[in-house]
Amino acid sequence: MTIELALFYLLSAVTVGCAVMVIASRNPVHSVLFLILAFFNSAGLFLLLGAEFLAMILVVVYVGAVAVLFLFVVMMLDVNFRRLREGARLYWPIGALVGVILLAELILVTGGWAFAGGFQTAAPIPSDPSVTNTEALGRVLYTDYVYLFQIAGVILLVAIIGAIMLTLRPRGALRRQDIAQQVHRRPQDTVELRKVDTGAGV
Amino acid sequence: MGEPLLDAVLRILIIVGQILLVVVPLLLAVAYLTYAERKVIGAMQLRQGPMTVGPFGLLQPLADGAKLFLKETVIPATSNKVVFILAPMITFTLAMIGWAVIPMGAGLVISDINVGVLYLLAVSSLGVYGIIMAGWASNSRYAFLGALRSSAQMISYEISIGLIIVTVLLCAGSLNLSTIVEAQRGLWYFIPHFPMFMLFLASILAETNRHPFDLPEDEATLVTGYNVEYSSMAFALFFLGEYANMILMSAIASILFLGGWLPPFDIAPLNWVPGPIWFILKICLVLFVFIWARATLPRYRYDQLMRLGWKVFLPLSLLWVVLTSGFLVAFDLLPN
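In short, a report on the structure. (Residues numbered from 1 in each chain as written. Chains lettered and ligands numbered in written order. Predicted model: local features only at pLDDT ≥ 70, side-chain atom pairs only at ≥ 80, totals over all residues. Heavy atoms only, no water.)

Some points on the overall build of chain A
When helices and strands are tallied, chain A shows nine helices and zero strands. Taken from the N to the C terminus, the helices and strands of chain A come in the order α-α-α-α-α-α-α-α-α. Across chain A, the fraction of contacts at a sequence separation of at least 24, relative to all contacts at a separation of at least 6, is 58%. Accessible surface computed for chain A: about 16,700 Å², of which carbon and sulfur atoms make up 68%. (Helix = DSSP H or I, 4+ residues; strand = E, 2+ residues; numbered from the N terminus. Contact = heavy atoms within 4.5 Å. Areas by Shrake-Rupley, 256 points an atom, 1.4 Å probe, with all protein chains shown as cover.)

Structure follows, in structure tokens:
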């Protein structure tokens with residue numbers, strides 16, 4: 001129990017520290033690397049909660065795919081971050097105000113909120129030791145919420161098509177490669193042997 | 001208070017012991033895999049391979065290791081030093097931690113977790129970071145181009161690997177690696193899923209950046225790609241990581257398709273051999289394919305590689321997922 005508690009504090013401290021470093025570090029690539037570390041520690045927190053499937057999916061999807069794309073973009077784009085930061089001193093009161101409002105709202109919600117009588121809050125489903133995490137999620141997702149799941153899939157499909165449409169632009173003379181045509185090429189179609197007289201040319 | 005603390009310390013010591021029992025033979029295996037590679041390629045090209053250091057050149061890996069260890073570590077002045085040093089460490093560590101969930105025999109595993117397959121996918125999808133960090137931190141064009149190639153390649157082939165694994169999971173009905181092996185008692189999955197086994201072998205070649213898909217270290221166009229600025233032990237860590245990854249991927253292939261630690265037939269002389277021996281033999285078989293491919297096949301062109309991944313492997317593996325699940329549902333063979 002004490003080890004778990006120590007791990008929890010360690011992971012959450014590192015997560016918060018990394019989150020701060022994401023916005024504080026000067027080099028954008030370092031920011032992304034700290035973001036990845038933050039994802040990792042959140043996965044560790046999921047593991048402590050017993051949500052092993054979610055932890056692994058977090059690492060596979062966010063760290064393995066999304067963050068790689070972030071890193072790509074940040075490395076490839078030549079953004080002048082010093083110029084981006086120039087306005088920071090001007091705008092920090094607004095940022096601080098937003099932060100304070102969010103903090104106040106959070107305190108209001110967690111502290112002074114009382115539900116009216118008879119209101120059912122979402123209770124956590126009691127964990128069933130005979131069913132693994134993955135199975136339990138699958139049962140809920142594919143039986144109770146199958147339509148929502150399908151809709152989510154369709155939305156993702158629309159997003160894919162949208163992204164492709166946005167980046168697709170007609171290009172001029174593009175010389176495409178046709179593998180089948182290349183494979184079926186015979187020497188006699190392309191190569192011709194000729195007897196050339198010396199000094200006469202073709 | 002004293003009792004639980006002592007208990008916890010004892011448990012941690014046992015785990016450390018188990019880790020050493022896996023990692024030390026693994027590092028030896030990595031060293032001798034380089035030797036085996038040179039010997040096998042030598043035999044395929046009618047040469048002898050290393051013969052000078054020790055009998056039959058058996059001490060060659062140790063000599064290579066000592067050489068790398070004694071070289072000077074050069075850190076480029078314009079590099080991003082922290083990331084530069086971190087990158088080989090990440091590559092090497094990731095190649096090691098995958099072994100935590102690999103079952104060597106019935107019950108012979110450090111951590112028998114329920115989501116073992118996902119853990120392995122997560123670890124292999126992280127492998128790209130070591131390379132991309134190395135390429136970026138080196139502050140060199142060749143290294144950066146190699147890193148970009150490598151990350152695009154690894155991400156592309158991970159998708160088809162994921163779908164191939166899904167077909168196996170459909171038949172086994174579990175994400176636990178030991179359960180997957182036990183489900184193959186009687187029929188190894190490479191027989192019904194033979195096309196997927198072939199795709200998996202090709203995909204792990206691409207995933208580990210090995211020939212004929214070793215474009216990240218294409219010496220003809222990129223000098224040597226992402227590790228061009230590295231020397232001494234930092235280079236050795238990349239090298240060890242690559243070979244350890246090869247062994248890890250071979251282990252995954254033998255667990256998913258070749259029945260892990262199970263003997264080929266459950267009959268008298270074959271099932272006397274202990275499970276780990278069978279497992280090691282299967283790993284060696286897949287590793288031989290790795291080396292064989294290197295000695296035989298010319299390197300792919302980069303656009304052909306991407307075309308193969310996205311336009312051939314991905315649709316084929318997706319089709320096979322649909323076919324497998326349809327077959328299992330139609331004949332009521334789904335594992336409960």
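Description of the overall build of chain B
For chain B, the count of helices and strands is 12 helices and zero strands. Along the chain direction, N to C, the helices and strands of chain B fall in the order α-α-α-α-α-α-α-α-α-α-α-α. In terms of overall size, chain B behaves like a compact globule, its C-alpha atoms giving a radius of gyration of 21 Å where 336 residues would be expected to give roughly 20 Å. When each of the 336 residues of chain B is scored for burial, the buried share is 51%. Taking contacts inside chain B between residues at least 6 apart in sequence as the whole, the part at least 24 apart equals 77%. Distance from the positive charge centre (17 side chains) to the negative charge centre (18 side chains) of chain B: 10 Å. (Rg over C-alpha atoms; globule rule 2.2 N^0.38 Å. Buried < 20%, exposed > 50% of the residue type's maximum accessible area, 1.4 Å probe, protein only. Lys, Arg positive; Asp, Glu negative; His and termini not counted. Charge placed at Lys NZ, Arg CZ, Asp CG, Glu CD.)

Some words on the side chain of Ser156 of chain B
All names here are of chain B. Residue placement: Ser156 occurs in helix α5 (residues 141-172). Relative accessible area serves as the criterion here: at 4%, Ser156 is assigned to the buried category. With residues up to four places along the chain from it excluded, the contact list for Ser156 reads Met306 and Trp310.

A look at empty space enclosed by the protein
All names here are of chain B. In the structure shown here, the tally under the stated rule is two cavities of 30 Å³ or more. Size it by volume and the largest cavity reaches roughly 220 Å³. Around the largest cavity, the lining comprises 19 residues; the ones closest to its centre are Thr91, Gly127, Ile131, Met154 and Asn245. Secondary-structure elements contributing two or more residues to the lining of the largest cavity are α3 (81-97), α4 (116-137) and α9 (232-256). Sorting elements by how many residues they give to the lining of the largest cavity places α9 first, with five residues. Of the residues belonging to the lining of the largest cavity, the class tally is nine nonpolar, seven polar and three charged. (1 Å grid on protein atoms, 1.4 Å probe; cavity = no way out; pocket = protein on both sides within 12 Å on 5 of 7 lines; lining within 4 Å. Points joined across faces, edges and corners; volume = space filled by probe spheres on them. Nonpolar A, V, L, I, M, F, W, Y, C, P; charged D, E, K, R; others polar.)

Points about the interface of chain A and chain B
Chain A puts 25 residues into the contact, and the matching count from chain B is 26 residues. Among the residues of chain A in contact with chain B, Met56, Phe72 and Met75 of chain A are the three that bury the most area, contributing 25% of the side total. Applying the counting rule to chain A against chain B returns zero salt bridges. The interface formed by chain A and chain B contains four residue pairs in polar contact (both at pLDDT 80 or more). Counting only elements with at least two residues in the side of chain A that touches chain B, the list comes to α2 (28-49) and α3 (52-76) of chain A. Top element by residues in the side of chain A that touches chain B is α3 of chain A. It accounts for 14 residues. (Buried area = accessible area lost by both parts, 1.4 Å probe. Salt bridge = Lys/Arg side-chain N within 4 Å of Asp/Glu carboxyl O. Polar contact = N/O pair within 3.5 Å; in protein donor to acceptor, adjacent residues only side chain to side chain.)

Details of a positive patch on the surface
Together, Arg169, Arg171 and Arg176 of chain A together with Arg307 and Lys311 of chain B give the surface a local cluster of positive charge. Following the sequence through the fold, Arg169 of chain A ends up in the loop between α7 (146-167) and α8 (179-183). Here Arg169 of chain A falls in the exposed class, since its relative accessible area comes to 56%. (Patch = residues over 30% accessible without salt bridge, like charges linked within 9 Å, V, L, I, M, F, W, Y side chains within 5 Å.)

Quick look at the packing of α3 of chain B against α9 of chain B
Residue and element names in this part refer to chain B. Put simply, α3 and α9 touch, their axes get as near as 8 Å, and they point 25° apart. Our classification of the angle between α3 and α9 gives roughly parallel. Like other packed secondary-structure pairs, α3 and α9 cross with a definite hand, here left-handed. In contact with Ala87, Pro88, Met89, Thr91, Phe92, Ala95 and Met96 of α3, α9 contributes Ala234, Leu237, Phe238, Leu240, Gly241, Ala244, Asn245 and Leu248. Residue composition of the contact of α3 with α9, by class: 12 nonpolar, three polar and no charged. (Axes fitted to C-alpha atoms, helices over the stretch in contact; angles between N-to-C directions. Parallel < 35°, antiparallel > 145°, perpendicular 65-115°, else oblique. Left-handed = near helix turned anticlockwise from the far one by under 90°.)

Examining the layout of surface pockets
Taken as a whole, the largest pocket holds about 2,300 Å³ of empty space. Taken together, the elements giving at least two residues each to the lining of the largest pocket come down to α3, α6 (133-144) and α7 of chain A together with α4, α5 and α12 (302-330) of chain B. Of the residues assigned to the lining of the largest pocket, the class counts are 33 nonpolar, 14 polar and three charged. Considering only enclosed or pocket space, the second largest pocket measures out at about 1,300 Å³ in volume. Lining the second largest pocket are 42 residues, and of these Phe40 of chain A together with Leu94, Ile97, Tyr119 and Leu126 of chain B lie nearest its centre. At the level of elements, α1 (2-24), α2 and α3 of chain A together with α1 (2-44), α3 and α4 of chain B are the ones that each hand at least two residues to the lining of the second largest pocket.

Section: the packing of helix α7 (residues 194-207) of chain B against helix α11 (residues 275-296) of chain B
All names here are of chain B. Running from amino to carboxyl end, α7 crosses α11 at an angle of 65°, the nearest separation of the two axes being 11 Å. For the element pair α7 / α11, the angle class is roughly perpendicular. Between α7 and α11 lies a crossing whose hand is right-handed. Across the interface between the two elements, Leu201, Ile204 and Leu205 of α7 pack against Val286, Val289, Phe290 and Ala293 of α11.

Some points on the side chain of Thr91 of chain B
All names here are of chain B. Structurally, Thr91 is set in helix α3. Note on Thr91: relative accessible area 8%, which makes it buried. Setting aside anything within four residues of it in sequence, one finds Thr91 in contact with Gly130, Ile131, Phe238 and Gly241.

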